[in-house]
Structures are given as C-alpha cells and as structure tokens.
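Given next are the chains, with one letter for each unit.
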Amino acid sequence: MKTDKNMVPEYPSFEHSKYTTHRNPSHHTEVMERRRHYSDSHMSRPSRARKWGSITSASSVKSERNKVRRHHSQYSRTSSISSRRSSIRREAVLADRRGTANIRRMSTQTIASRGNWGSKWEFLLSCIGLSVGIGNVWRFPYLAYENGGGAFLIPYLLMLVFAGKPMYFMELAFGQFAGVGPLAIWSCVPIAKGVGFAMVTVSLIIVIYYNVIMSYTIFYMASTFQYEVPWSRCDPLWANNTNCHVRSENVTLMLNNSKTSSQVYWEHYVLQLTEGIENPGGIKWDLSLCLLFSWIIIVFCLLKGIKTSGKVVYFAATFPYIILLILLITGLLQEGALDGVLYFITPTWQKLLDIKVWQAAASQMFFSLSVSMGALIMYSSYNDFRNNIFRDAMVVSVMDTVTSLISGTVIFSVLGAMAHDLGNGTRVEDVVASGPGLAFVAYPEALTRLPVPQLWSVLFFLMLYILGLDSEFALLENVLTSISDEIPILRNHKIKFCIITGIICFFLGLPCVTKGGQYILEIMDKYGGGTAVILIAIVESIAINWIYGQKPGIYWRITWRYTSPAILTFIFIYSLIEHEPLKYGDYNYPYWAEGIGWLLALLSMAQIPIWAVVMILRQKGPGLKNKIKQSMTPTEDWGPAEEISKDDWKNGMNRMKTIEKGASPEKLDQNAASDNTDVTQYI
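Worth saying up front: this structure is predicted, and the values here are computed from it rather than measured.

A. Geometry of the overall build of the protein. Scanning the protein from terminus to terminus reveals 27 helices and 4 strands. Burial status across the protein gives 55% buried among its 683 residues. Once local pairs closer than 6 in sequence are excluded, the contacts in the protein between residues at least 24 apart make up 80%. Accessible surface, the protein: about 30,600 Å² in total, of which carbon and sulfur atoms supply 62%.

Here it is as structure tokens:
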C-alpha cells in the first residue's frame, strides 16, 4: 500500500534547531540520529504503522524508514555545506585583511580545536604552580634576611597590593576575555604586538636555563642514595687542595679562607667550576644526562598541552606543600630553631629608609607572581569565558605570599638549629648563603644534622624539582600555544611540535652544563629573564590601560593606570642607574660577557619597537599620522574567541554606545538586533 507523503514527519532544519552551532556540524547529525533512533526503537510495530500511515508489511516499514533517513540526510548535507561555505567566506575575509592591523587569523574551526581546561581546579592549580616556584624557597628568605627581616615584609606587602595583585588580575582577565595567547591577543592594540613577541622570547630564554637549575636537583637526588650523603664529608676525590673542612669539626677554620664540605662539593664536584667564562671547559655528561631526563619528563607531560599538564598539576601543585609542612614541623622541633625564625622575622626598622629595600621588595613580588611573561595570559585563555577570574587571581596571589612566608620559616628554622649545634657563638648569618647557594649549599648542609638525612635530602630536592616543574610547564606551553595561535596548522601536529621544541631547547641548554656553564647561566638569569621582563610589563600596562582603555572600579583604575606603571618604571630606571658589573662570587665578568648579556636582553626588548614600526607600516590609508592612529585602534577581529560570546559582547557595546547618545528604547532595541554595525570604533 502506498504511503501518504504528507504523513512523513518534518524534522526541523539545523538552522532553526536549538543545537545550532556552525563550528561542529557533525554534532547536529549525532543529535538527529539519536532522536530518530530513539523514536524507532521505542515504538511498537503497530505504533510505527500508525505514525507512518496504514503500513501492513515489514518491507513497507523499512522502505518508509529509509525515506526518512534520506530526508534527514538532505538536511545534514545542507547544514554541512552551509557551514563549510561560512568557513570559506570567513577565510576569504581574513585573507583580505592580511597586511593590515588584523593580526588574529583563525577560523572558527581552529578556535574550536584549541581546547579548554578539564575543570576549574586544573586552571587554579596550574596558576599556583606557575607562581610558586624555586625562587620562593631560596630567594625570598634570603632577601628578607638581607633587607631587614620583618621590615622587608612591609614594602613587600605594599608592592603586592598596589602592583602585584592588580597586574596579576589584569593579565588573567585579559587572556580569558580574548581566549588566545600573548601573540594573537594584541589585535586590541596592534602597535603593541611586539609585547607578545617579547613575552614569548623571554619565556623561551627562561625555559632553557631554568631547566638547568632543575637538573641540579635531579643530580642531588641521585647522589643522596648512599650510606652517607656525600656533602657531609671532605672526600679526597673532589676535595684535595681546596681547604675543605666539615663545619662541625673545626669552626675556626672558617677564618682561614677555607670552604665548607657542602660548598666544595657544589663547586668542585657538581659543577667542576672553571676559573671563569673565558674557560668553559667540556660538557659535564652527568649533568647533561640529568638535563636530558628533565626534558623528557617535561615534554611527556606536555604532549597534549593542557590536557596532560592539567592532570599532572593535581600532584605537582599540591605535593610541595606536603613536603613544606613536614619540613616545617621537623625544623621547628629542632633545638635552636626559634633563634633562626626570630632572625627571619625580626624587623630592622632603619632598613625602611633604604631605597634598595623597596626595590628588592618590588622585584621579588614581580618575579614571584610571574607577571608579563605571557604564561598567565596563555593559561587564562583556556578558561570558560564566564569563569570567575577575580576569585582565582586573589587566591593565587595570596597563596604565593603565604608560601614564601612558610618557605622562609622552614629555611631559617633549620639554619637556626644548625647554628645552635655548631656552638662556639656561631650566628645564623654565618651559615647563610645567597642565591642558589642557599638551596644547594647551606640547606643541604643543614639537612645532614637531621635524623636520616638521606630521606630529608630526597624530599627537599624532590620538592624543589616539582616546584620548578610547574613553572616550566607554563613557560614552555606559553611558547607552544603562542606560536600555534599564529600558525594554526601546528595544532594538527601538537605532539611533533612539542617534541621538536623540547629537543631544540635541550641542545640550547647544553652550554649551561659545561664546566663553566654556571657563568653562562648567571648571564641568562640576570639579563635574559630579569631586565627585559620589567620593560615588557611597563609597555603592557600602558598599552592596555592608556591606549586600549579600561573603565573598571576606582581601585583597579588607580592601580592599573597609575601605581603599577609607576612602580615598574621606578624599578627599571633604578636598576639601570644602580647597575653594577656582573659578578659570581669573587669573579668579575669581562666586558665582552656583559655585552653578550645586554644583547640577550635586547633580543626581547627590541621586539617591542620593531613590531610597532611593522604594524604602523602595514596599515592602509594616507599619511603617517593616520597609520599610527589605525595601529592603536582595535581590529574588527578583536573580541572573545567564541562566536556567541563575541556577538553578545558586540551587541552590548552597541547598546552602551546608544545609551551614551541618549537614544530612545525603540532605537536601542534596533541597535541590539542589528549585526552589521562596526563596533570596533566604540572599543
């Protein structure tokens, strides 16, 4: 019996479905297939017969079902073709914009394949891991000790309130709003695109030498598995002709230019340090193997980007706190520990009148939070557009400060106990070393005085490695994400791209594991990852708050527009005025080595003016003044990465502009409904 065609159910087209999305047409097919399959499988044969008409044979039922499938397939093909045509039109428009200020060139399909955090906890823990690094353990305690103890906390907390937290929140909000990395994000202010390139360059430099420091912790962990930790004695294998002494045996030898066993072990066995950078020596193969092992771990954890690193941080961001608490309790139970803690927190008030203390506090706050390296923008770009980023920014900045205070207490409690055990009037400052020496000289020596020093040494260096691992994840992923945003095809080869980048960074880090590599590392740390970052932060703050423009609350308006740039400018200018030639211990670097350091800094800083000129020249229009104005105006492509969020944002901007003009409610509704208005002129 023939079937009445009018009885065939009409499924709504994809264009009118509530599941409509132009970014994933296959999703519609799946939804409609589920609907049809559910309908057929949950109806009895008589019911299906009533639905399709007076069908009496099984073959007729099958025939009519095939008709419905062909009917549905027609809609699927139509939607898919429509989506592809939309994508082609978008690519054509973006192709026409090339050479102009429109610097974000991604289709909706590439945005969809970018990925997101698996949960809010992954983002929060990743940010904590980035901000809380090795510097919190050795740099903050020493700076506090050197700059007035408890008095150092006053300028530090003030800098945190007026510069640290505002900059941290600004970068997280900036990245979450745009949904892209630090290279593509500057379509809001094209003239500042060089800031993004400078951020990526700095991240790459830090990634290379930071992993070398992490390889030291692996070396120490491996050397701990002995009957006696090696730095607790003067082994003739590496201590001959070094005036080595074990501090507990003869404290008076410290007056005769002798060195402790832990210091000799660090310089003559771990580093095999040469006389200077002029004599780099050969590669230390044990350190190079540790460096290779560290790179294998990092690359393995980043093979699929945040999808893998986001899972690793559940352990990597929480485990160091467990070790810190264990070391804190153990340290405080030692006799003499209270003397060390009091030395750490007792204020020296006259230090507040020293401008260097304020400069040191601002620098520590700034580098501890990892601001202006691009990693914060990159991490937040994977967030949901409506995530409560303010809450996350406040939590992470507070956790960073608390961790620094806990680390200082842990370090100085053990050093106080060590000074007490040495007796003979030994003071805490006699067992303190600056810089990496605190982590690899003084504290390892202090651990030898605890019960089962092998256990505590392994825990301590494992904690240091994991603290560095989180930061390394963020900085390397920042490089990968930023380049992938500019060259979207690389997202299809994420694993290969990650492995190749890791191999290149490993070979670039080999000069740092030569016998003179410590001198090279010091240059990279001071110039490559220090001076340049401050200038980047200044330009970033000016570009976002003065050129692009923001209208936040009064506190954020003051801190973003005034206090943060002022503090950062003060740090930068003061560091240039008070610049001293680089030294490592008693060794003075030659002038040509200083020149290499400044060239390394310029490698990042020069990106800002170079790309400013490039973006100005790329603008279309008559006259230099007009081109400069265009390069300081957001492009048509600027806005949230998600198309729905971008449409909502643009409509909101239209409504705000209409309200400012005093239009009637009818006019307001008309503007809100219009999708042809160029709103970039209102941003």
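B. Structural view of the environment of G148. Positionally, G148 belongs in the loop between α6 (134-146) and α7 (150-178). Between the alpha carbons of G148 and T346 there is a distance of 7.7 Å; along the sequence they are 198 residues apart. Excluding residues that lie within four positions of it along the chain, G148 makes contacts with T346, P347, T348 and K351.

C. Examining the pattern of salt bridges more closely. Enumeration according to the criterion identifies 9 salt bridges in this entry. The partner of K494 in a salt bridge is E477, and the shortest N-O contact between them spans 3.2 Å. With a gap of 17 residues between them, K494 in helix α20 (residues 494-509) and E477 in helix α19 (residues 453-486) connect regions that are remote in the sequence. Each member of the pair, K494 together with E477, is buried. For D485, the salt bridge is made with R491, and the minimal N-O distance between the two is 2.6 Å. Note on D485: relative accessible area 2%, which makes it buried. By relative accessible area, which is 15% here, R491 ends up buried.

D. Inspection of the packing of aromatic side chains at higher detail. This model, assessed by the stated rule, comprises 47 aromatic pairs. Summarising the aromatic geometry, the rings of W556 and W560 are spaced 5.7 Å apart at their centres and angled 40° between planes, so their arrangement reads as tilted. A residue pair is termed a helical-turn pair when its members lie 3 or 4 positions apart in one helix, as W556 and W560 do in helix α22 (residues 554-577) at 4 residues. Owing to a relative accessible area of 7%, W560 belongs among the buried residues under this scheme. Grouped by ring-pair contacts, the aromatic residues Y216, F219, Y220, W231, W238, Y265, W266, Y269, F440, Y443, F460 and F461 constitute a single cluster. In this structure, R561 is placed above the aromatic ring of W546, and the distance from its NZ or CZ to the ring centre is 4.0 Å.

E. A look at the state of the cysteines. Within this structure, the stated rule accounts for 1 disulfide. A disulfide bridge connects C234 with C244, and the sulfur atoms are separated by 2.0 Å. One quick way to see it: the torsion about the S-S bond of C234 and C244 is about -80°, and its sign makes the bridge left-handed. Here C244 lies in strand β1 (residues 244-245) and C234 lies in the loop between α8 (193-224) and α9 (236-239), a separation of 10 residues in the sequence. The thiol of C498 is not disulfide-bonded; the next cysteine sulfur, from C505, is found 9.7 Å away. In this structure C498 comes out as buried when scored by relative accessible area, which is 1%.

F. Just the side chain of R561, in detail. Relative to the assigned elements, R561 resides in helix α22. Once you skip the residues sitting within four places of it in the chain, R561 turns out to touch N545, W546 and W556.

G. Here's a closer look at a nonpolar patch on the surface. Together, I154, L158, V161, F162, W349, I542, W546, I554, Y555, I558 and Y562 give the surface a local cluster of nonpolar side chains, amounting to about 1,000 Å² of exposed area. Of all elements in the fold, only α7, α21 (517-549) and α22 reach the threshold of two or more residues within the nonpolar patch. Positionally, I554 belongs in helix α22. When its relative accessible area of 61% is taken as the criterion, I554 is described as exposed.

H. View of the packing of α7 against helix α17 (residues 389-422). Between α7 and α17, whose axes approach to 9 Å, the crossing angle comes to 145°. Classified by chirality, the crossing of α17 by α7 is right-handed. Across from L153, Y156, L157, L160, K165, Y168, F169, L172, A173 and Q176 in α7, the residues of α17 making contact are I389, F390, A393, M394, V396, S397, V398, D400, T401, S404 and L405. Grouping the amino acids of the contact of α7 with α17 by side-chain chemistry returns 15 nonpolar, 4 polar and 2 charged.

I. Summary view of helix α13 (residues 319-332). Counted at 1.5 Å a residue, the expected span for α13 with its 14 residues is 20 Å, and the 20 Å between its end C-alpha atoms agrees. Restricting attention to buried positions, one finds in α13 the residues F319, P320, Y321, I323, L324, L327, L328, T330 and G331.

J. Highlighting the side chain of S381. Structurally, the position occupied by S381 is in the loop between α16 (375-380) and α17. A relative accessible area of 4% means that S381 is categorised as buried. Polar contacts involving the side chain of S381 include one to the main-chain carbonyl oxygen of M378, which spans 2.5 Å.

K. Up close: unusual backbone geometry. Phi at S372 is positive, roughly 65°, even though this residue is not glycine. By the element assignment, S372 lies in the loop between α15 (355-368) and α16. Unusually for a residue other than glycine, V452 sits at a positive phi of about 50°. Tracing the chain through its elements places V452 in the loop between α18 (436-447) and α19. Accessibility expressed as a relative area gives 52% for V452, which makes it exposed.

Cut-offs and rules
Residues numbered from 1 in each chain as written. Predicted model: local features only at pLDDT ≥ 70, side-chain atom pairs only at ≥ 80, totals over all residues. Heavy atoms only, no water. Helix = DSSP H or I, 4+ residues; strand = E, 2+ residues; numbered from the N terminus. Buried < 20%, exposed > 50% of the residue type's maximum accessible area, 1.4 Å probe, protein only. Contact = heavy atoms within 4.5 Å. Areas by Shrake-Rupley, 256 points an atom, 1.4 Å probe, with all protein chains shown as cover. Salt bridge = Lys/Arg side-chain N within 4 Å of Asp/Glu carboxyl O. Phe/Tyr/Trp six-rings, centres within 6.5 Å; stacked < 30°, edge-to-face > 60°. Lys NZ or Arg CZ within 6 Å of the ring centre and 35° of its normal. Disulfide = S-S within 2.5 Å. Patch = residues over 30% accessible without salt bridge, like charges linked within 9 Å, V, L, I, M, F, W, Y side chains within 5 Å. Axes fitted to C-alpha atoms, helices over the stretch in contact; angles between N-to-C directions. Left-handed = near helix turned anticlockwise from the far one by under 90°. Nonpolar A, V, L, I, M, F, W, Y, C, P; charged D, E, K, R; others polar. Expected span 1.5 Å × (residues − 1). Polar contact = N/O pair within 3.5 Å; in protein donor to acceptor, adjacent residues only side chain to side chain.

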